[in-house]
Amino acid sequence: MAKNTKKPAQNQTKKKPRLLKIIIGTAVALVCAAAVVLLVINAHTESAKHVLRNTEWKSLSALNASGDEVDVREVYNVRYSQYQGKLTFDGENGFELWLRPGDPSDGTHSGKYEINGDKADVTFDEGTKTAFELTRTEGSITAIDVLYDGYTVTFVRSEPEKTE
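Keep in mind that what you see is a predicted model, and the values were worked out from it rather than measured.

Conventions used here
- Residues numbered from 1 in each chain as written.
- Predicted model: local features only at pLDDT ≥ 70, side-chain atom pairs only at ≥ 80, totals over all residues.
- Heavy atoms only, no water.
- Patch = residues over 30% accessible without salt bridge, like charges linked within 9 Å, V, L, I, M, F, W, Y side chains within 5 Å.
- Areas by Shrake-Rupley, 256 points an atom, 1.4 Å probe, with all protein chains shown as cover.
- Salt bridge = Lys/Arg side-chain N within 4 Å of Asp/Glu carboxyl O.
- Buried < 20%, exposed > 50% of the residue type's maximum accessible area, 1.4 Å probe, protein only.
- Helix = DSSP H or I, 4+ residues; strand = E, 2+ residues; numbered from the N terminus.
- Contact = heavy atoms within 4.5 Å.
- Pairing = 2+ DSSP bridges.
- Polar contact = N/O pair within 3.5 Å; in protein donor to acceptor, adjacent residues only side chain to side chain.

*Asks:* Before we move on, can you summarise a nonpolar patch on the surface with the specific residues and values?
*Replies:* Taken together, the side chains of L20, I24 and V28 define a hydrophobic patch exposed on the protein surface, amounting to about 280 Å² of accessible area. With relative accessibility at 47%, the residue I24 sits in the partly exposed group.

What follows is the structure, encoded as structure tokens:
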């Protein structure tokens, strides 16, 4: 009797489907993880766009072109001891910057804005474009720096008036 020297063929097709399943499973998991990351980033970006909506800011301080602090009244060319400029943002990405007392058409400027990181890119109604610098503390905007007539005016958020 002749001895069968032929070894039984190993079934390599069983290994291939297992390896293929692992690769497909890993790819699906990576795609899902990437989708979750993109959703989180998109949600954060969307909320950042709306962070200034329906807020009011008052001028706090100003720096001249040399970086020296000056009285806000000097910037606005007024003598009122308690004068403050005002910056408001509406619910539709619009803003209004009020700089001088008197006729609103003399000192009020308005336009549209869009938040891009630590800046609010603004376009005034007459077409001028600039950026307001945003200062953040623990993720919240705490100050807005506006360039105005050679000065940097810092605005802080106005506290809502308390009603009794």
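*Asks:* Break down the environment of S61 for me, with residues and values.
*Replies:* Inspection of the secondary structure puts S61 in strand β1 (residues 55-63). When the C-alpha positions of S61 and V153 are compared, they lie 5.9 Å apart, and in sequence the two are 92 residues distant. When sequence neighbours within four positions are dropped, the list of residues in contact with S61 reads E69, V72, T152, V153 and T154.

*Asks:* Give me the lowdown on the pairing of strand β9 (residues 151-157), citing residues and values where you can.
*Replies:* With five of seven residues buried, β9 is to be regarded as a mostly interior element. Taken together, the six bridges between β1 and β9 define a ladder with antiparallel strand orientation. Note on β9: the bridge partner recorded for K58 is V156. In terms of strand pairing, strand β8 (residues 140-148) meets β9 through five bridges, oriented antiparallel. Paired with V146 across the two strands is V153, which belongs to β9.

*Asks:* Would you mind going over the environment of T137 in detail, with residue names and values included?
*Replies:* Its location among the elements puts T137 in strand β7 (residues 129-137). Since its relative accessible area comes to 43%, T137 is described here as partly exposed. Of the polar contacts made by the side chain of T137, one reaches the side chain of T142; its length is 3.3 Å.

*Asks:* Now, about the pairing of strand β4 (residues 94-98): what can you tell me, with residues and values included?
*Replies:* Inspection of the sheet shows strand β3 (residues 86-89) paired to β4 by four bridges, in the antiparallel sense. Paired with L87 across the bridge in β4 is L97. Linkage of β3 to β4, two consecutive antiparallel strands, is achieved through a turn of four residues, within which N93 is found at a positive phi near 60°. Of the strand pairs in this sheet, β4 and strand β5 (residues 108-116) are connected by five bridges, and their pairing is antiparallel. By the bridge assignment, E96 is partnered in β5 with S110.

*Asks:* Describe unusual backbone geometry, naming the residues involved and giving the relevant values.
*Replies:* For N54, which is not glycine, the phi torsion reads 55° and is therefore positive. Here N54 is to be found in the loop between α1 (15-49) and β1. Under the relative-accessibility criterion, N54 is labelled exposed at 61%. A positive phi angle is found at D149, which is not glycine, with a value near 50°. As for its placement among the helices and strands, D149 is situated in the loop between β8 and β9.

*Asks:* Report on the pattern of salt bridges, specifying residues and quantitative values.
*Replies:* Here the idea is simple: oppositely charged side chains can pair when their charged atoms come close. Summed over the entire model, instances satisfying the criterion amount to two salt bridges. Across the salt bridge formed by D118 and R136, the nearest N and O atoms sit 3.0 Å from each other. Placement of the pair is D118 in the loop between β5 and β6 (119-124) and R136 in strand β7, with a sequence separation of 18 residues. Overall, the relative accessible area of 31% leaves R136 in the partly exposed class. Close ionic contact of E133 with K119 constitutes a salt bridge, the shortest N to O distance being 3.8 Å.

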